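Structural features, examined
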Amino acid sequence: MRALIQTVSRASVTVDGEVVGAIADGLLVLLGITHSDTATTAETMARKVHELRILDDERSAAEVGAPVLVVSQFTLYGDARKGRRPSWGAAAPAELAEPLVTAFGEALRARGVKVETGRFRTHMLVESVNVGPRTILLDL
């Protein structure tokens, strides 16, 4: 599992002209799933994201109660080392990835986090205003 985490002053996801998820002053998490990921991986990643000291004054979302916008991002597993066309072989198929993205969001909610999400298997427009900017890639 890979998570690209950005601190944002605001972020939103729009699908077919409708805003389906939006946050202010929190974390935007682009989440990629690979074949070997499990519900345990999702729980571990949720804990790490929640406790990551990436916000102002080296504080975490857990400390300040920051919301999280979760967006599925299979392209985090793109491999472009050969040629110009990325390979997506390391990305899990949708049937495996969707429940794990959901499990990640639920694990955050179980920790008391306000979680907004994108919509799986749709064309999403993701907008964000990064703070810092601070961007971290976590790879489990």
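The structure contained in this document is the topic of the report that follows. (Residues numbered from 1 in each chain as written. Predicted model: local features only at pLDDT ≥ 70, side-chain atom pairs only at ≥ 80, totals over all residues. Heavy atoms only, no water.)

**Focus: the sheet that holds strand β2 (residues 18-32)**
To keep things clear, this is the line we draw: DSSP-based pairing: two strands are paired if at least 2 bridges between them are found. Numbering of helices and strands runs from the N terminus; a helix is a DSSP stretch of H or I covering at least four residues, while a strand is a stretch of E covering at least two. Axis geometry follows a simple rule: fit a line to the C-alpha atoms, using only the stretch in contact for helices, then measure angles between N-to-C directions, giving values from 0 to 180 degrees. In what follows, residue pairs with any heavy atoms lying within 4.5 Å of each other are defined as contacts.
Spatially, β4-β3-β2-β1-β5 is the arrangement adopted by the 5 strands of the open sheet, whose pairing is mixed. Two strands bound the open sheet, and with one partner strand each, they are β4 (115-117) and β5 (125-139). For this sheet, the mean inter-axis angle between neighbouring strands, taken without regard to orientation, is 35°. Here strand β3 (residues 68-72) pairs with β4 via 3 bridges, running parallel. Each residue of the ladder has a partner; that of Val-70, found in β4, is Thr-117. The sheet strands contacting helix α1 (residues 39-51) are β1 (2-15), β2 and β5, and the helix crosses β1 at an angle near 85°. Helix α3 (residues 94-110) contacts β2, β3 and β4 of the sheet and is inclined by roughly 170° relative to β3.

**Focus on the pairing of β3**
Condition: Remark: exposure states derive from per-residue accessible area (1.4 Å probe, protein chains only) relative to the maximum for the residue type, with buried under 20%, exposed over 50%, and partly exposed in between. By convention a crossover is right-handed if, when the strands point away from the viewer, the path from the first strand over the helix to the second runs clockwise.
Of all 5 residues making up β3, 4 are buried, and the element is well covered by its neighbours. Sheet topology places β2 next to β3; 5 bridges connect them, and they run parallel. Directly across from Val-29, in β3, lies its bridge partner Val-70. As a crossover connection, the stretch from β3 through α3 into β4 is right-handed.

**Some words on the pattern of salt bridges**
This is how the line gets drawn: Take a side-chain nitrogen of Lys or Arg and a carboxyl oxygen of Asp or Glu: if they are within 4 Å of each other, that pair is a salt bridge.
Taken as a whole and judged by the stated rule, the model has 9 salt bridges. For Glu-51, the salt bridge is made with Arg-47, and the minimal N-O distance between the two is 3.9 Å. Linking Glu-51 with Arg-47, this pair stays in helix α1, spanning 4 residues, or about one helical turn. With relative accessibility at 35%, the residue Arg-47 sits in the partly exposed group. Across the pair Glu-106 and Arg-109 runs a salt bridge whose closest N-O atoms are separated by 3.0 Å. Taken together, the residues span about one helical turn, with Glu-106 and Arg-109 both in helix α3 at a distance of 3 residues. For Arg-109, a relative accessible area of 34% gives the class partly exposed. Three or more residues joined by partner-sharing salt bridges are found here, namely Arg-47, Glu-51 and Arg-111.

**A closer look at the nonpolar core**
Short version of the rule: Residues grouped as a nonpolar core are buried Ala, Val, Leu, Ile, Met, Phe, Trp, Tyr and Cys residues, joined through side-chain atoms within 4.5 Å.
Leu-27, Val-29, Leu-31, Val-49 and Phe-104 are the most contacted members of the largest nonpolar core, which totals 28 residues. Mapped by element, the contributors of at least two residues to this core are β1, β2, α1, β3 and α3. For this core, the element with the highest residue contribution is α3, accounting for 6 residues. Residues within four places of Val-29 in sequence aside, it is in contact with Ala-3, Leu-4, Ile-5, Val-49, Val-68, Leu-69, Val-70, Val-71 and Phe-104. Within the second largest apolar cluster, 12 residues are counted, among which are Leu-28, Leu-69, Val-71 and Leu-76.

**A look at the pairing of β1**
On a regular strand, each side chain points to the face opposite its neighbour's, so the side chains alternate between the two faces of the sheet. Of all 14 residues in β1, 11 are buried, a share of seventy percent or more. Bridge count between β1 and β2: 13 bridges; the pairing is antiparallel. Its bridge partner being in β2, Thr-7 is matched across the sheet by Leu-27. Between β1 and the antiparallel strand that follows it, β2, lie 2 residues; Asp-16 among them carries a positive phi value of about 50°.

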